[in-house]
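Each chain, written out:
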Amino acid sequence: GAPGETEGTGKGIGQLRNESDAILPSEGAILDLWNGLIYLKEANPNIIKSVEWHNHSGGFSDISPPGSRISLPELDQNASEIEREATYSWINKNGLPNPRSVFIFRIATQNLQGYIFEVQRAKRKDDNGITKEEPFRGLVAIPATGGDLTKWLGAVIYAISAECGMMKKVIRRILPIS
């Protein structure tokens, strides 16, 4: 079986045993991520110098909890009509109070600054009637040294829109600029 499968191989090797039914409370993926980053910073102050989120004025803030996100753009005229329509539908998905957006977190160490991009998730009910958030992956990226950060952030955000939040595809779009 694959890692994390409870069946294992039947030989007792690599088998996952669930010993606890404890459920950790979740405040949503974005706030859970923020709280985890704050915990890591506090537990590792010699490694992580700062944890911040992109605010409405275009800067970064460490005030908790994060309260600002970036609207995802629609595609420009270079994209096909099918791509533009797909992106428009994804950005304006039912179940979201406003058009979809992205949260940007910045983590600084002594030697570099990395960025985490998390797409706003719509809530939906699963087959059992339980409300859950969409299962998107986040993206962690480090811009090229000496590059234009504003231009880079814009390019990453545009790529997230163009690929409807599919981060494996976003990575291919941003590799030449990271």
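You'll find the structure just up there.
Criteria and cut-off values
Residues numbered from 1 in each chain as written. Predicted model: local features only at pLDDT ≥ 70, side-chain atom pairs only at ≥ 80, totals over all residues. Heavy atoms only, no water. Buried < 20%, exposed > 50% of the residue type's maximum accessible area, 1.4 Å probe, protein only. Helix = DSSP H or I, 4+ residues; strand = E, 2+ residues; numbered from the N terminus. Arc of directions from axis to C-beta. Contact = heavy atoms within 4.5 Å. Pairing = 2+ DSSP bridges. Core = buried A, V, L, I, M, F, W, Y, C linked by side-chain atoms within 4.5 Å. Polar contact = N/O pair within 3.5 Å; in protein donor to acceptor, adjacent residues only side chain to side chain. Axes fitted to C-alpha atoms, helices over the stretch in contact; angles between N-to-C directions. Parallel < 35°, antiparallel > 145°, perpendicular 65-115°, else oblique. Nonpolar A, V, L, I, M, F, W, Y, C, P; charged D, E, K, R; others polar.

Visitor: Is there a simple way to explain helix α4 (residues 167-174) in this structure?
Guide: An α-helical segment advances 3.6 residues per turn. Residues three or four places apart therefore align on the same side. Of the residues making up α4, those classed as buried are M167, V170 and I174. Buried residues along α4 cover an arc of 45° about the axis, so they all sit on one side. Facing away from the buried side of α4 by more than 90 degrees, the exposed set consists of K168 and R172. Buried residues in α4 make contact with β5 (113-119), β8 (139-141) and α3 (149-162).

Visitor: How should the pairing of β5 be read in this particular structure?
Guide: Consecutive side chains along a regular strand alternate between the two faces of the sheet. The buried count for β5 comes to 6 of 7 residues, which makes it a mostly enclosed element. One ladder, built from 7 bridges, connects strand β4 (residues 101-109) with β5; its direction is antiparallel. Paired with I107 across the bridge in β5 is G114. Taking the residues between adjacent antiparallel strands as the criterion, β4 and β5 are bridged by 3 residues. Where β5 lies against β8, 3 bridges are found, and the strand directions are antiparallel. Of the residues in β8, the one forming a bridge with Y115 is A141.

Visitor: I tried to follow the nonpolar core on my own but got confused; where do I start?
Guide: One broad trend across soluble globular proteins is that nonpolar side chains are buried collectively. Core analysis: the biggest nonpolar cluster contains 23 residues, and W90, I104, F117 and I160 have the highest contact counts within it. Examining the composition of this core, we find that 6 residues originate from one element, α3, more than from any other. If we skip the residues at most four places from it in the chain, I160 touches L72, W90, V102, F117, V119, G165, M167 and V170. In this structure, W34, I48, V51 and W53 belong to the second largest nonpolar core, which totals 10 residues.

Visitor: Before we go on, may I ask you to explain the environment of Y158 in this structure?
Guide: Inspection of the secondary structure puts Y158 in helix α3. For the pair Y158 and R173, spaced 15 residues apart in sequence, the C-alpha to C-alpha distance is 9.7 Å. Y158 has contacts with P73, E74, L75 and D76, leaving out every residue within four places of it along the chain. A distance of 3.0 Å separates the side chain of Y158 from the backbone nitrogen of D76, its partner in a polar contact.

Visitor: What is the right way to read the pairing of β4 from this model?
Guide: Within β4, 8 of the 9 residues are buried, which leaves the element mostly enclosed by the surrounding structure. Alignment of strand β1 (residues 48-54) against β4, held across 5 bridges, turns out to be antiparallel. Looking at β4, one finds that S50 is bridged to A108. Relative to β4, strand β3 (residues 70-71) runs antiparallel, the two being bridged by 2 bridges. By the bridge assignment for β4, S71 is matched with S101.

Visitor: It is not clear to me how the packing of helix α2 (residues 81-91) against α3 should be interpreted in this structure. Could you clarify?
Guide: Where α2 meets α3, the axes come as close as 9 Å, and the angle between the chain directions of the two elements is 95°. When the interaxial angle is binned, α2 and α3 end up roughly perpendicular. Across the interface between the two elements, T87, W90 and I91 from α2 touch I160, S161 and A162 from α3. By residue class, the composition of the contact of α2 with α3 is 4 nonpolar, 2 polar and no charged.

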